[in-house]
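Fold and geometry: a report
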Amino acid sequence: MTTTLDQLNAATPDEAARLLDGLYEHSPWIAERALRRRPFVSLAQLKRALVEALAEGGRDAQLALIRAHPELAGKAMVAKALTAESTHEQTASGLTHCSAEEFARIQRLNADYNARFGWPFILAVRGPRGVGLARAEIIDTFARRLANHPDFEFAECLRNIHRIAEMRLADKFGFEPVLGNQVWDCAEILARHTDPGYAELGQLTVTYLTDAHLACQAQLRRWMHDCGFDEVRVDAVGNVVGVYHGSDAAAKRLLTGSHYDTVRNGGKYDGRLGIFVPLVAVRELHRAGRRLPFGIEVIGFAEEEGQRYKATFLGSGSVTGDFDPAWLEQRDADGITMREAMRAAGLPATLEAIHAERRDPSRYLGFVEVHIEQGPVLNELDLPLGVVSSINGSVRYACEVRGMASHAGTTPMDRRRDAAVAVAELALYVERRAAGVPEVVGTIGMLDVPNGSINVVPGRCRFSLDLRATTDAARDALAGDVLAELAAICERRGLAYQAEETMRAAAAPSAPAWQKRWERAVESLGLPVFRMPSGAGHDAMKLHEVMPQAMLFVRGLNAGISHNPLESSTNDDADLSVRAFRHLLDQLNEELS
């Protein structure tokens with residue numbers, strides 16, 4: 001018999017605690033403390049109360065909870081002394097049927113992990129889809145996490161404990177994240193297509209107009225047709241465009257979407273999540289035979305990452321009328337021009353056709369984008385959703401410091417003109433300066449000593465500068481200070497330098513009205529509203545140039561890592577993102593009706 005929120009809210013404290021028994025291993029106090037916050041309007045709100053209750057318990061109580069968990073495939077499993085919940089979870093992942101070799105490997109990992117951290121390894125073995133991880137995935141994760149810092153690993157154990165509790169709670173309440181499962185499954189299906197050279201390694205790479213890219217394009221078209229879009233087409237640059245008409249086909253449209261290309265050896269959610277979420281939402285409208293007083297246009301942007309050609313935001317840029325004609329003559333690593341690649345893909349490859357894709361902003365209400373966070377903030381806070389307040393402005397430089405290469409053994413320390421040490425000094429300044437201002441970041445991501453040798457004082461050092469901030473003024477202040485420090489360091493050390501600006505992007509603050517709609521959508525789920533800037537660039541930055549925009553972030557797993565195969569999300573978080581998107585549609589419906 002399943003539990004309902006009404007039953008939980010109406011129950012006595014003892015009865016309510018019994019209804020939530022078993023969520024956390026031998027630790028009923030967490031549910032008891034969370035229940036003081038009744039009534040709950042949603043399971044999401046109850047989950048958040050459980051997270052906060054454990055956080056308030058302090059480190060000693062948290063450590064006791066971690067130590068209350070059994071080892072994976074450990075003595076308790078062999079002795080059949082696990083709780084019913086743990087037995088179900090370890091059985092679902094096949095841990096009760098390990099081969100002798102797998103069992104021995106897990107035992108070694110258990111011993112090494114306990115020796116390093118002093119507590120058992122915790123992993124939500126039912127996985128992000130809730131159907132169970134493969135044993136190989138469990139073993140690989142176990143081995144990878146052995147290298148974590150103890151403080152990080154402590155927090156990672158707690159995050160996995162909350163994920164375990166989330167799935168146990170769903171079992172008690174008979175809840176299945178149906179919409180989230182659809183999004184999660186779409187990510188898995190589309191990730192089957194990957195470029196040659198990466199497919200053989202099991203890696204995901206989809207670059208502009210390759211066979212894998214065209215296969216993704218075809219799949220998105222099929223899904224749009226299946227979801228009930230009235231118009232589906234591939235435009236002149238390879239964007240996949242679906243339109244679901246409003247009650248009046250001539251009504252203004254809400255524009256949404258994201259990109260379906262990837263970085264090399266990337267993840268399954270970056271960009272693509274922002275396509276799947278509105279597809280599922282439109283399918284629900286179509287199934288209900290429902291039309292809104294506005295249309296919905298979803299675009300799977302063909303290119304955002306700039307991997308095959310140096311044409312970042314090509315897909316969204318064509319929609320805003322910002323397509324650089326010089327891009328057509330760029331060549332990829334195999335010498336194929338973009339124009340040739342377009343023609344081979346069946347695209348017209350003419351500026352006339354591309355320029356015709358420019359949208360008239362007056363025909364649109366605005367642009368919204370759902371995106372995986374690509375960072376650790378939501379993951380650390382254990383929050384499934386965040387509302388983006390601004391997309392950071394950025395500026396990049398290609399730099400070089402020049403000194404004098406000399407013998408490492410015969411050149412005294414006080415007579416060196418070491419280019420690399422100067423850059424190291426600058427790197428520490430960038431770190432210190434950026435850390436001193438909220439929501440400002442600076443990175444020297446590339447360092448190169450041309451023709452360097454172990455016994456030569458570096459005479460040249462090339463490096464990159466990537467400086468970002470939520471406002472253009474803060475970005476420019478950071479850049480001014482960093483370049484001034486570079487000049488001062490070089491003057492003091494007797495060095496020369498050059499710094500060439502290679503990219504500048506304006507900050508894109510969210511339109512207040514659209515940000516507020518996302519906030520109301522999050523609140524409707526019973527979740528706290530967390531506002532945050534986006535340090536990464538997104539297609540919304542381009543649309544910001546011509547219409548109001550706002551973004552919703554979805555928590556990522558594995559410390560929110562992105563541009564990496566470990567990029568992941570859960571079906572529950574995906575479900576919440578679809579529900580938030582649908583609530584935004586409902587708000588617009590009320591406003592325009």
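Residues numbered from 1 in each chain as written. Predicted model: local features only at pLDDT ≥ 70, side-chain atom pairs only at ≥ 80, totals over all residues. Heavy atoms only, no water.

**Observations regarding the overall build of the chain**
For the chain, the helix and strand inventory stands at 22 helices and 16 strands. Relative to the 2.2 N^0.38 estimate, which gives 25 Å for 593 residues, the radius of gyration of the chain is 26 Å and therefore close to what a compact globule would have. Principal-axis analysis of the C-alpha atoms places the extent of the chain at approximately 75 × 70 × 45 Å. Out of the 593 residues belonging to the chain, those deemed buried represent 53%. The long-range fraction of contacts in the chain, counting pairs at least 24 apart against all pairs at least 6 apart in sequence, stands at 77%. With the model as given, the accessible surface of the chain reaches about 25,000 Å², and the carbon-plus-sulfur share is 52%. Between the mean site of the 66 positive side-chain charges and the mean site of the 79 negative ones, the chain shows a separation of 1 Å. (Helix = DSSP H or I, 4+ residues; strand = E, 2+ residues; numbered from the N terminus. Rg over C-alpha atoms; globule rule 2.2 N^0.38 Å. Buried < 20%, exposed > 50% of the residue type's maximum accessible area, 1.4 Å probe, protein only. Contact = heavy atoms within 4.5 Å. Areas by Shrake-Rupley, 256 points an atom, 1.4 Å probe, with all protein chains shown as cover. Lys, Arg positive; Asp, Glu negative; His and termini not counted. Charge placed at Lys NZ, Arg CZ, Asp CG, Glu CD.)

**Quick look at unusual backbone geometry**
Cis geometry is found at the peptide bond from Arg38 to Pro39, where omega equals 5°. Among the secondary structure elements, Pro39 is positioned in the loop between α3 (29-34) and α4 (43-57). With phi around 55°, Asn451 is a residue other than glycine that occupies positive phi space. Its location among the elements puts Asn451 in the loop between β10 (447-448) and β11 (456-457).

**As for the packing of aromatic side chains**
Inspection of the entire model under this criterion finds 10 aromatic pairs. With centroids separated by 4.6 Å and ring planes inclined at 50°, the aromatic side chains of Tyr113 and Phe117 adopt a geometry described as tilted. Here Tyr113 and its partner Phe117 are both found in helix α8 (residues 100-117), 4 residues apart, which amounts to about one turn of the helix. We note that Tyr113, like Phe117, is buried. Ring geometry for Trp119 against Phe154: centres 5.5 Å apart, planes inclined by 80°, an arrangement best described as edge-to-face. Separated by 35 residues along the polypeptide, Trp119 in the loop between α8 and α9 (135-145) and Phe154 in helix α10 (residues 150-173) bring together distant segments of the chain. There is no split in this pair, since Trp119 and Phe154 are both buried. (Phe/Tyr/Trp six-rings, centres within 6.5 Å; stacked < 30°, edge-to-face > 60°.)

**Observations regarding the nonpolar core**
If you look at the biggest cluster of nonpolar residues, it comprises 76 residues, and the most contacted ones within it are Tyr208, Met338, Met342 and Trp518. Element by element, the count of residues in this core is highest for helix α13 (residues 273-287), at 9 residues. Leaving out residues up to four positions away in the same chain, Met338 has contacts with Tyr208, Tyr309, Ala311, Leu314, Phe323, Trp327, Leu328 and Gln330. In this structure, Leu8, Ile30, Leu72 and Cys157 belong to the second largest nonpolar core, which totals 50 residues. (Core = buried A, V, L, I, M, F, W, Y, C linked by side-chain atoms within 4.5 Å.)

**A look at helix α20 (residues 512-524)**
Between its first and last C-alpha atoms α20 spans 18 Å; for 13 residues at 1.5 Å apiece the expected length is 18 Å, and the two agree. By the burial criterion, the buried members of α20 are Trp514, Gln515, Arg517, Trp518, Glu519, Ala521 and Val522. Along its buried surface, α20 packs onto β3 (253-259), β5 (364-372), β6 (385-391), β15 (531-534), β16 (549-554) and α22 (571-592). Following α20 by one or two positions, Gly526 has its phi on the positive side, about 85°. (Expected span 1.5 Å × (residues − 1).)

**Considering helix α11 (residues 178-190)**
The end-to-end C-alpha distance of α11, which contains 13 residues, comes to 19 Å, matching closely the 18 Å that a straight helix rising 1.5 Å per residue would cover. Every buried residue of α11 is listed here: Leu179, Gly180, Asn181, Gln182, Val183, Trp184, Cys186, Ala187 and Leu190. Contacts from the buried residues of α11 go to α12 (211-227), α13 and α22.

**Description of the side chain of Ser464**
Turning to its location among the elements, Ser464 is positioned in strand β12 (residues 460-469). A distance of 3.3 Å separates a polar atom in the side chain of Ser464 from the backbone nitrogen of Gly445. From its side chain, Ser464 meets the backbone nitrogen of Met446 in a polar contact 3.0 Å long. Setting aside anything within four residues of it in sequence, one finds Ser464 in contact with Tyr397, Thr443, Ile444, Gly445 and Met446. (Polar contact = N/O pair within 3.5 Å; in protein donor to acceptor, adjacent residues only side chain to side chain.)

**As for the state of the cysteines**
Scanning the entire structure with this criterion turns up 0 disulfides. Just so you know, Cys157 is unpaired, no disulfide at all, and the nearest cysteine sulfur is the one on Cys98, 19 Å from it. Here Cys186 stays free of any disulfide, with the sulfur of Cys227 as its closest cysteine sulfur at 7.2 Å. (Disulfide = S-S within 2.5 Å.)

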